[in-house]
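# Examining the three-dimensional arrangement
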Amino acid sequence: MGSQQQTNVLLQAHADLVTDAAYDYYGLRLATCGLDHKIKIWVLDESTGSLTAEDEWRAHDAPIVKLSWAHPENGSVVASCSFDRTVKIWEERKHEAKSARWANRAILTEARGSVRSLEFAPQHFGLKLATLSTDMQLRIYECMEMPSLSGWTVIEEFDLSVLPSPVHTSSQGTPTLTSAHLDPSGLPSTVSAVPPGLNPSTTRPSGLTSLAQIPGTNLQQAEHESGGVDGGDGIPPVPTRDHLGSREADGGWSLSWCKDKWWGQVIAVACGTTNVLKIIEFPTAQHPITHLELRHDPPASKPPKNSHAYHPQHPPQVLAITSVAWAPSCGRSYHLVATGSRDCMVRIWKLKPPKRVGAEGEDGRWSGSLIADFADHGASIGRVEWNVTGTILSSAGDDGQVRLFKQAYGSTWRGVGGFTTEQMDDSDDGMVEERP
């Protein structure tokens, strides 16, 4: 590949580890947060491509986990969540002094555990905010007082561990041979209800990112626990601590809204230490409906040597999903949802809505299958995100790499390159080699 110019390095962006970064609707401003309890707003200079810090303030009393921008029709509004068990709504007041430009309009305190993920709903559903916390509760808030933003009401709240599973069980699916890392037999995936005897409420919650799991987490320790130590044959082993999955830091907490309004208010949710991705709808004046539960099984045999989801010294393990991203549909008749997991895998799921809403049988149900998975990172996945058209998927892992994936001819998915997140010397372009 040709060299890539490094356009921006935000040196010392925060006094501690940066836990999240989110662009606004137009991609002209970037909000960042970290373990230093602060939020920073950066403004893009379109002529030079550089980002300049515009505002900075202490937003919470504990490390901040996640940020989300509201649609610009609602003004310049940012929501933040933290280990202090609160969600805060911030609004920019452009004519105020810089020290008081961002005002705290509301504090949402319903969570009984640290709040690990949040996202504003698509604008066509109104000013709504979904939050996910370690008390296993998914909450949907709606702003009832516009434009003051001071009144927020919980319109939906339920425990994900007791939410009824889908009535029907779909058949197994296998991923398409999209990557050089896939075994011909594929990695089995299922779309089904929770097996009898499995009680998700016995699991404990997760870390906010793969490296920023709890306040005071040591980076070297986090890398070791996420499988960053070479297993001797060049394959980083999957974590094998005693009681793996029994700690909050072993889980994953993420949600993502369906961007298409035609299928109602639908959210993809992964929480706790299970490997289950739930597709949940919130019909008006009805109880939430779980349309699908997608789960990937650990490989039963050793895949090709390039795969990092298995190590010969360790048995297959079920590891948590750490990140979920629902792709914009852009006219497709189906949906794509990407997940990143602690088993070092990036996965792409294909969801098909019902052919006729309310119809009996298969025509009236959602279906899902795993169409691609990649083990390129060889380390726990911290984040997955789609571009605005839902055609390119990016992923970031504990290996310090951002990797890109795109659909190729024949509806197969393949890696198209990537770049390192570390600052490079002038002699190094920082690019990851493109897969042939």
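For the structure, check the block above.
So, here is what we can say about the structure in this document. Each residue is numbered by its place in its chain's sequence as written, counting from 1. Only residues with pLDDT of 70 or above have their local features reported here, since the model is predicted, and side-chain atom pairs are shown and tallied only from 80 upward, although totals for entire chains, interfaces and linings are computed over all residues. Side-chain measures were taken over the full set of non-hydrogen atoms in the model, leaving aside hydrogen atoms and water.

## Points about the overall build of the protein chain
The condition that has to hold: Numbering of helices and strands runs from the N terminus; a helix is a DSSP stretch of H or I covering at least four residues, while a strand is a stretch of E covering at least two. Whether a residue is buried, partly exposed or exposed follows from its accessible area with a 1.4 Å probe, protein chains only, as a fraction of its type maximum: under 20%, in between, or over 50%, in that order. Reported accessibility uses the Shrake-Rupley method at a 1.4 Å probe radius. Residues are deemed covered only where the shown protein chains occlude them.
Helix and strand counts for the protein chain come out as 1 helix and 26 strands. Counting all 436 residues of the protein chain, 55% fall into the buried class. Working note: accessible area of the protein chain is about 19,600 Å², and carbon and sulfur atoms make up 49% of it.

## Concerning the sheet that holds strand β21 (residues 367–374)
This is how it is decided: At least two DSSP bridges between two strands are needed for those strands to be called paired. Axis lines are fitted through C-alpha atoms, for helices just across the contact stretch, and the angle between N-to-C directions can take any value from 0 to 180 degrees.
Judged by pairing direction, the sheet is antiparallel, and its 4 strands sit side by side in the order β18-β19-β20-β21 without closing on themselves. On the outer flanks of this sheet lie β18 (321–326) and β21, each paired with one strand and no other. Each adjacent strand pair in this sheet contributes to an overall mean axis angle of 25°, direction not counted. In this sheet, strand β20 (residues 346–352) lies alongside strand β19 (residues 335–341) in antiparallel orientation, the contact comprising 6 bridges. Within β20, the residue paired with Val337 across the bridge is Trp349.

## Topic: the packing of aromatic side chains
Condition: The aromatic pairing rule takes the rings of Phe, Tyr and Trp, using the six-membered ring of Trp, and pairs them if the centres are within 6.5 Å, calling planes under 30 degrees apart stacked, those over 60 edge-to-face and the rest tilted.
Across all of its chains, the model carries 10 aromatic pairs by this definition. Seen from their ring centres, Trp69 and Trp102 are 6.2 Å apart, and the 75° between their planes marks the pair as edge-to-face. A residue pair is termed long-range when its members are at least 10 positions apart, and Trp69 in strand β5 (residues 64–69) and Trp102 in strand β8 (residues 102–108) qualify at 33 residues. A single burial state applies to Trp69 and to Trp102, both of which are buried. Ring pairs connect the aromatic residues Trp57, Trp69, Trp90 and Trp102, which therefore count as one cluster.

## Points about the environment of Ala379
Where we set the bar: Contacts were defined at the residue level, with two residues in contact if any of their heavy atoms lie within 4.5 Å.
Residue position: Ala379 is located in the loop between β21 and β22 (381–386). Through-space distance from the C-alpha of Ala379 to that of Asp343 is 7.5 Å; in sequence the pair is 36 residues apart. Among all residues touching Ala379, those that are not within four sequence positions of it are Cys344, Asp398 and Asp399.

## Topic: unusual backbone geometry
In this structure, the amide linkage connecting Met146 to the following residue, Pro147, adopts the cis form with an omega of 5°. Summarising the element assignment, Pro147 is placed in the loop between β11 (137–143) and β12 (152–159). Phi at Met136 is positive, roughly 70°, even though this residue is not glycine. Inspection of the secondary structure assignment puts Met136 in the loop between β10 (128–133) and β11. The class for Met136 is buried, based on a relative accessible area of 7%. Within the chain, Cys330 stands out as a residue other than glycine whose phi angle is a positive 50°.

## Side note on the environment of Phe374
As for its position among the elements, Phe374 is in strand β21. Counting along the chain gives 34 residues from Phe374 to Gly340, while the straight-line C-alpha distance between them is 9.7 Å.

## Section: the pattern of salt bridges
Short version of the rule: Salt bridge criterion: a side-chain nitrogen from Lys or Arg within 4 Å of a carboxyl oxygen from Asp or Glu.
The tally for this structure, following the rule as stated, stands at 16 salt bridges. The partner of Arg139 in a salt bridge is Asp135, with the nearest N and O atoms 2.9 Å apart. As far as the burial class goes, Arg139 and Asp135 line up, both buried. The salt bridge partner of Lys278 is Glu293, with a shortest N-O separation of 3.8 Å.

## Quick notes on the sheet that holds strand β2 (residues 29–34)
Strand order in the open sheet made by the 4 strands is β1-β2-β3-β4, with antiparallel pairing throughout. On the outer flanks of this sheet lie β1 (18–23) and β4 (50–58), each paired with one strand and no other. If you compare each strand with its neighbour and ignore which way they point, the axes differ by 20° on average. Inspection of the sheet shows β1 paired to β2 by 5 bridges, in the antiparallel sense. When the bridges of β2 are listed, Ala21 appears paired with Thr32.

## Remarks on the pairing of β20
Among the 7 residues in β20, 5 count as buried, and that is most of the element. Connecting β19 to the antiparallel partner β20 that follows it, the hairpin turn spans 4 residues, and Cys344 within it adopts a positive phi of roughly 75°.

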